[in-house]
Amino acid sequence: MSTTTTRTTIAVQQVSKRFTLRHDHRLKNLAVAAFRGKDLGNSFLALDDVGFEVAQGEAVALLGLNGSGKSTLLKLISGVMSPDSGQVLVRGRIAGLIEVGAGFHPDLTGRENVYLNGAILGMDEATIAARFDQIVAFSEIERFIDTEVKFYSSGMFLRLAFAVAVHTDPEIFLIDEILAVGDAPFQAKCLARIRELRDEGRTLVIVSHDLDMVSQLCSRGVVLEHGRVVADEDVHAAVARLR
Ligand SMILES: Nc1ncnc2c1ncn2[C@@H]1O[C@H](COP(=O)(O)OP(=O)(O)OP(=O)(O)O)[C@@H](O)[C@H]1O
């Protein structure tokens, strides 16, 4: 009998998600099609009977070609979207670094946005205040912290948004291709921080086309092809399929 128990943190069970692609939005055609009782769209399965589990503290890469369903799967895990069938069970607090900065308000200053975004990500005011200097130091935009973020460059915006996200305290981080933006030194710093989060035992699910990066960060790769899981294996074997 095994003496160690691995806690399942994320269970994706027979999940399917269908999208409808509407090709022709002209009113006349919509009216004619509706009158004839025709299906207006072309529906397709973005995720088709997907199932896998992630144990606490695991770092898993979701891999696959463009359009294979990775981001959709991450959105289902984060709860911003629900499956048509099947279910996603999650144990623990989640931080989705999916649309980093989505909660930022352009007319507010960097400082105000740190508080706003921190609250959206589940931190109370005292916690944000205690981590404020650390967040700003990580972003390296101290000089501009009291400037409205609409005057920020896209890189500055990303830096502050990422800094807030990685200073929240979730058990599970969902990370979607965020390292594609930001300059090289900042990317290196983000990577180091993500590695730290992993080493602290947080669970990571990462979507990225940067195969070298995911091989370094993750131990396991789940490969999607046209919305189906075609491999769930050691990250190096999974990455080799995509090269
Ligand atoms: N909200 C939506 N409405 C309709 N179709 C969608 C929607 N979101 C995603 N899709 C479609 O679902 C499929 C899977 O998209 P998804 O973004 O999950 O792929 P991905 O593997 O993350 O791709 P990439 O590597 O290009 O980021 C694509 O064909 C995409 O066009």
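Just so you know, these numbers come straight off a predicted model, no measurement behind them.

Caption draft 1: Inspection of the sheet that holds strand E6 (residues 172-176) at higher detail. Read from one edge of the open sheet, six strands run E5-E6-E7-E3-E8-E9, paired in mixed fashion. Both edges of this open sheet fall to strand E5 (94-97) and strand E9 (228-234), since each of them pairs with a single strand only. Between one strand axis and the next, the sheet turns by 15 degrees as a mean value, whatever way the strands run. Sheet topology places E5 next to E6; four bridges connect them, and they run parallel. Bridge pairing links Ile94 to Ile172 in E6.

Caption draft 2: Representation of the site of the ligand in the model. Around the ligand, the surrounding shell consists of Phe19, Phe44, Ala46, Leu65, Asn66, Gly67, Ser68, Gly69, Lys70, Ser71, Thr72 and His209. In this structure, an oxygen atom belonging to the ligand sits 2.9 Å away from a main-chain N or O atom of Gly69. Within the contact set of the ligand, an oxygen atom lies 2.7 Å away from a side-chain nitrogen or oxygen of Lys70. No other element matches helix H2 (residues 70-78), which puts three residues into the shell around the ligand.

Caption draft 3: Spotlight on the pairing of E6. Burial of E6 is extensive: five of the five residues sit out of reach of the surface. Alternating positions in E6 separate into two faces, Ile172, Leu174 and Asp176 on one and Phe173 and Ile175 on the other, with burial throughout. In this sheet, strand E7 (residues 203-207) lies alongside E6 in parallel orientation, the contact comprising five bridges. Paired with Ile175 across the bridge in E7 is Ile206.

Caption draft 4: Looking closely at the layout of surface pockets. For the second largest pocket, the calculated volume is near 190 Å³. At the level of secondary structure, the elements contributing two or more residues to the lining of the second largest pocket comprise E5 and helix H4 (125-139). Counted by class, the lining of the second largest pocket contains five nonpolar, four polar and four charged residues.

The rules behind the values
Residues numbered from 1 in each chain as written. Predicted model: local features only at pLDDT ≥ 70, side-chain atom pairs only at ≥ 80, totals over all residues. Heavy atoms only, no water. Pairing = 2+ DSSP bridges. Helix = DSSP H or I, 4+ residues; strand = E, 2+ residues; numbered from the N terminus. Axes fitted to C-alpha atoms, helices over the stretch in contact; angles between N-to-C directions. Near = heavy atom within 4 Å. Polar contact = N/O pair within 3.5 Å; in protein donor to acceptor, adjacent residues only side chain to side chain. Buried < 20%, exposed > 50% of the residue type's maximum accessible area, 1.4 Å probe, protein only. 1 Å grid on protein atoms, 1.4 Å probe; cavity = no way out; pocket = protein on both sides within 12 Å on 5 of 7 lines; lining within 4 Å. Points joined across faces, edges and corners; volume = space filled by probe spheres on them. Nonpolar A, V, L, I, M, F, W, Y, C, P; charged D, E, K, R; others polar.

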